[in-house]
Amino acid sequence: MSISLSSLILLPIWISMAQIQQGGPDESEKTTALKDLLSRIDLDELMKKDEPPLDFPDTLEGFEYAFNEKGQLRHIKTGEPFVFNYREDLHRWNQKRYEALGEIITKYVYELLEKDCNLKKISIPVDATESEPKSFIFMSDDALTNPQKLMVLIHGSGVVRAGQWARRLIINEDLDSGTQIPFIKRAVDEGYGVIVLNPNENYIEVEKPKMHVQSSSDSSDEPAEKRERKDKVSKETKKRRDFYEKYRNPQREKEMMQLYIRENGSPEEHAVYVWDHFIAQSAAENVFFVAHSYGGLAFVELMIQREADVKSKVTAVALTDSVHNVWHQEAGKTIREWMRENCCNWVSSSEPLDTSVESMLPDCPRVSAGTDRHELTSWKSFPSIFKFFTEASEAKTSSLKPTLTRRSHRIKHEEL
């Protein structure tokens, strides 16, 4: 087991401290001297020696990685897959490195959505001012004008952004399993318009402004002695806080604050906003949703808030290991009945693909996604989802004419 440099330096001091504490009052002077020694040790420098700077490349090439012809992330020189434990026993540094790579992956997928899938990046809110925080979604050129079919894709919670199902799959397996790109390309080939939601882009981060606290001596009529005591306590408090910060944040990372995006401050808000401003305005006769994990919860919340509109426009919904709960979300009886008829949830299971899986909730049918890995459920159920949509569209078409006839007869009867 390796021992960090700072631990080796501090170990003798800790041992001495323990020995002194077992002694009597006459050892108090030694204790004071050791405490003074500890206060003089620059922990900031020690911990920087333990942990390399959190300074990472901002391109795939800088990381010396690239996606090969199979969509797999490989090291440019060795051809090896991504290695998380790049530096042994430096988990925090390795995690920060992984997160930095993940941000590059996110931008890379955005580029693929525009260049390979020919989608357009649309800024939201649609009436945002130049200075306010903004998010965006992606749409095909015909998303709002396609008269036949529109597919809407919603990913789950966490670090994933528009176009992704799972960052882990993109980095460790391939682009096909980890992104929505196969869904988008097949949808376009089959004549669907496409809208890709971005439900986790809820805020922007900016650096916190530094707070300048006015000294109590400048703003109080208290006696000088009392002000001095207060100032001394304040300085001691700041000294302790700074001492703690050397451990918690040795490299002085910037303190950030979040500025939320209007009407898009949560995945649920985002789904409703995109529905109101885009999906509801589309010309498509048949709208289809694919929603993974928390995306399923966001869809159910959308249905609770826009039940009549969703029922009139949505033909079928494919959920993949959705975490929605019709009881906790208080979905009414009419919503549960509609979901039983128009939704299917492909869940993680060791059973073969499309095998029926028992459900504890009275909502949509559950079938196996053909994998017991949550993040893979969308990719593994890919062919079944398109078959499900085709069958739902055909069923609606075959029943459309008599339904419209009965409705027109009822309207005429009511008018008479």
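Residues numbered from 1 in each chain as written. Predicted model: local features only at pLDDT ≥ 70, side-chain atom pairs only at ≥ 80, totals over all residues. Heavy atoms only, no water.

**Student:** So what exactly am I meant to see when it comes to the layout of surface pockets here?
**Tutor:** Any empty space left between the atoms is revealed when a probe the size of a water molecule rolls over them. Within this model, the largest pocket holds a volume of roughly 1,200 Å³. Of all elements in the fold, only α5 (91-115) and β7 (203-207) reach the threshold of two or more residues within the lining of the largest pocket. Of all the elements, α5 adds the most residues to the lining of the largest pocket, at eight residues. By residue class, the composition of the lining of the largest pocket is ten nonpolar, two polar and eleven charged. (1 Å grid on protein atoms, 1.4 Å probe; cavity = no way out; pocket = protein on both sides within 12 Å on 5 of 7 lines; lining within 4 Å. Points joined across faces, edges and corners; volume = space filled by probe spheres on them. Helix = DSSP H or I, 4+ residues; strand = E, 2+ residues; numbered from the N terminus. Nonpolar A, V, L, I, M, F, W, Y, C, P; charged D, E, K, R; others polar.)

**Student:** Looking at this model, I keep getting lost on the confidence of the model for the protein. Mind explaining?
**Tutor:** Interpretation of the predicted coordinates at a detailed level should be avoided for regions scoring low in pLDDT. Chain-level statistics for the protein give a pLDDT mean of 84 and a share of 75% at 70 or above. Throughout residues 43-49 the model reports pLDDT below 50, and contacts reaching past four residues in sequence, or to other chains, amount to 15 contacts. Below pLDDT 50 for its whole length, residues 401-416 participates in zero contacts with residues either more than four positions away or in separate chains. (pLDDT = per-residue confidence, 0-100. Contact = heavy atoms within 4.5 Å.)

**Student:** What am I meant to see in the packing of aromatic side chains here?
**Tutor:** What describes a pair of aromatic rings is the distance from one ring centre to the other and the angle between the planes of the rings. Counting across every chain of the model gives 22 aromatic pairs. Arranged with centres 6.4 Å apart and planes meeting at 25°, the rings of W275 and F289 form a pair that is stacked. With W275 in helix α10 (residues 267-277) and F289 in strand β9 (residues 286-292), this residue pair connects regions lying 14 residues apart in the sequence. The residues W275 and F289 share a single accessibility class, namely buried. (Phe/Tyr/Trp six-rings, centres within 6.5 Å; stacked < 30°, edge-to-face > 60°. Buried < 20%, exposed > 50% of the residue type's maximum accessible area, 1.4 Å probe, protein only.)

**Student:** Before we go on, may I ask you to explain helix α11 (residues 294-305) in this structure?
**Tutor:** Count 3.6 residues to each turn of an α-helix, and residues three or four apart come out pointing the same way. Here α11 spans 17 Å end to end across twelve residues, near enough to the 16 Å set by a 1.5 Å rise per residue. Burial in α11 covers these residues: G295, G296, L297, A298, F299, V300, L302 and M303. For α11, the elements touching its buried residues are β5 (149-154), α10, β9, α12 (307-313), β10 (314-320) and α13 (333-342). (Expected span 1.5 Å × (residues − 1).)

**Student:** Looking at this structure, how should I read the packing of α11 against α13?
**Tutor:** Helix-helix packing: each pair is described by the crossing angle between the helix axes and the interaxial distance. Orientation of α11 relative to α13, taken along the N-to-C sense of each, is 130°, at an axis distance of 10 Å. Taken together, the axes of α11 and α13 lie oblique to each other. Note on packing geometry: the crossing formed by α11 with α13 is right-handed. Contacts from F299, V300, M303 and I304 of α11 reach α13 at I335, W338 and M339. Of the residues in the contact of α11 with α13, the class split is seven nonpolar, no polar and no charged. (Axes fitted to C-alpha atoms, helices over the stretch in contact; angles between N-to-C directions. Parallel < 35°, antiparallel > 145°, perpendicular 65-115°, else oblique. Left-handed = near helix turned anticlockwise from the far one by under 90°.)

**Student:** Looking at this model, I keep getting lost on the pattern of salt bridges. Mind explaining?
**Tutor:** It is possible for side chains of opposite charge to pair when their charged atoms get near one another. Using the criterion set out here, one finds 13 salt bridges in the structure. Across the salt bridge formed by D276 and R306, the nearest N and O atoms sit 2.7 Å from each other. In this pair, D276 sits in helix α10 while R306 sits in the loop between α11 and α12, placing the two residues 30 residues apart along the sequence. A salt bridge links K311 to E307; the nearest nitrogen and oxygen atoms lie 2.7 Å apart. Taken together, the positions of K311 and E307, both in helix α12 and four residues apart, correspond to about one turn of that helix. (Salt bridge = Lys/Arg side-chain N within 4 Å of Asp/Glu carboxyl O.)

**Student:** Explain the environment of G332 here, please?
**Tutor:** Mapping G332 onto the fold places it in the loop between β10 and α13. Along the primary structure G332 and I304 are separated by 28 residues, whereas in three dimensions their C-alpha atoms are 7.8 Å apart.

**Student:** Sorry, what's going on with α13 here?
**Tutor:** Listing the buried residues of α13 in full gives I335, R336, W338, M339 and N342. Each buried residue of α13 lies within a common arc of 160° when the element is viewed along its axis, so the set occupies one face. Exposed positions of α13 whose direction lies more than 90 degrees from the buried face are K333 and E341. (Arc of directions from axis to C-beta.)

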